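Results of the structural survey
Single-letter residue listing:
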Amino acid sequence: DPEEAQRMLAEARQTSSAALGDLRDLVRGIHPPVLADRGLKAAIESLALDLAVPVEVSGAAPEGLPAPVESATYFTVAECLANVTKHARAARAWVELSVTDERLTVVVGDDGQGGGSPSAGTGMRGVARRLAAFDGTMSVSSPRGGPTRVTLEVPCDSSSPRTTPSSGTA
């Protein structure tokens, strides 16, 4: 039945186009275009523009970080900044980037009420798990009354098996 075959082909084409669109959206969510186009610092600056709390981004991230390290760091900082806006009652926040001895260090801080703790909720535990996948660490200093400082450290040696894409391509 040629008409039925045409209808089925059109439906298959439409379904596959929708699936490709969904995959593209997913990939953009995993690795935001600004991160791929302009690097980690610019991506964090872009993220900070949308927050209700003013955020100062300082320091530098090296060019050519492995994509998995960039993505994990970006989403970790995003989670930390979300916590600032949800819980800290802060007037301002900051993100400091630095690299030493093949380790990327990011400090996310705020002048809010303090009292943040990885044991108090799932958000910070999720951050720690995300970093642990790359042999990274998270430490939190958040005394009652503030300020809060979340220090993230991630190895960024591109030869590390944890930071190299499994396909062997960049």
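The structure under discussion appears in the preceding block.
Structure report, in brief. These numbers were taken from a predicted model, which means no experiment stands behind them.

1. Here we look at the overall build of the protein
The helix and strand inventory of the protein stands at five helices and five strands. Shown N-terminal to C-terminal, the secondary structure of the protein runs as helices and strands in the order α-α-α-β-α-β-β-α-β-β. When burial is assessed residue by residue, the protein has 35% of its 170 residues classed as buried. In the protein, 66% of the contacts between residues at least 6 apart in sequence involve partners at least 24 apart. As presented, the protein carries roughly 9,800 Å² of accessible surface, and 53% of it is formed by carbon and sulfur atoms.

2. Describing the nonpolar core
Side chains of a nonpolar character, in soluble globular proteins, are inclined to be buried together. By size, the foremost hydrophobic cluster in this structure holds 36 residues, and its most contacted members are Leu-40, Val-77, Val-95, Val-106, Val-108 and Leu-152. Every element with two or more residues in this core is listed here: helix H2 (33-38), helix H3 (40-49), strand S1 (55-59), helix H4 (67-88), strand S2 (93-100), strand S3 (103-110), helix H5 (122-132) and strand S5 (148-155). A total of nine residues in this core trace back to one element, the largest contributor, which is H4. If we ignore the near neighbours within four places in the chain, the residues touching Val-106 are Thr-73, Val-77, Val-95, Glu-96, Leu-97, Val-150, Thr-151 and Leu-152.

3. Here's the deal with the pairing of S5
The side chains of a regular strand alternate, first on one face of the sheet and then on the other. Burial of S5 is extensive: six of the eight residues sit out of reach of the surface. In terms of strand pairing, S3 meets S5 through eight bridges, oriented antiparallel. Its bridge partner being in S5, Thr-105 is matched across the sheet by Glu-153. Here five bridges tie strand S4 (residues 137-141) to S5, and the two strands are oriented antiparallel to one another. By the bridge assignment for S5, Val-140 is matched with Val-150. Between S4 and S5, which pair antiparallel and follow one another directly, the connecting turn spans six residues, one of which, Gly-145, has a positive phi of 95°.

4. Examining the pattern of salt bridges
Within this structure, the stated rule accounts for three salt bridges. Between Glu-4 and Arg-7 there is a salt bridge, and its shortest N-O distance comes to 2.5 Å. Taken together, the positions of Glu-4 and Arg-7, both in helix H1 (residues 2-30) and three residues apart, correspond to about one turn of that helix. Note on Glu-4: relative accessible area 31%, which makes it partly exposed. Take Arg-7: its relative accessible area is 44%, and that puts it in the partly exposed class. Residues Arg-103 and Glu-153 are paired through a salt bridge, measuring 3.6 Å at the closest nitrogen-oxygen approach. Pair noted here: Arg-103 is in strand S3 and Glu-153 is in strand S5, with a separation of 50 residues, a long-range link. Using a relative accessible area of 28% as the deciding quantity, one classes Glu-153 as partly exposed. Connected through salt bridges with shared partners, the residues Glu-4, Arg-7 and Glu-11 form a single ionic network.

Definitions and limits used
- Within each chain, residues carry numbers counting from 1 in the order of the written sequence.
- Totals for whole chains, interfaces and linings use every residue, but because this is a predicted model, local features are given only for residues with pLDDT of at least 70 and side-chain atom pairs only at 80 or more, for both listing and counting.
- Computation of side-chain values covers all heavy atoms of the structure but excludes hydrogens and water.
- Helical segments are the DSSP runs of H or I of at least four residues, strand segments are the runs of E of at least two, and each set is numbered from the N terminus.
- Remark: exposure states derive from per-residue accessible area (1.4 Å probe, protein chains only) relative to the maximum for the residue type, with buried under 20%, exposed over 50%, and partly exposed in between.
- Contact criterion: two residues are considered in contact whenever any of their non-hydrogen atoms come within 4.5 Å of each other.
- Residue burial considers only the protein chains on display, and all accessible areas are found by Shrake-Rupley using a 1.4 Å probe.
- By nonpolar core is meant a set of buried Ala, Val, Leu, Ile, Met, Phe, Trp, Tyr and Cys residues that side-chain atoms within 4.5 Å join together.
- For two strands to be treated as a pair, DSSP must find no fewer than two bridges joining them.
- In what follows, salt bridge is the name for a side-chain nitrogen of Lys or Arg lying within 4 Å of a carboxyl oxygen of Asp or Glu.

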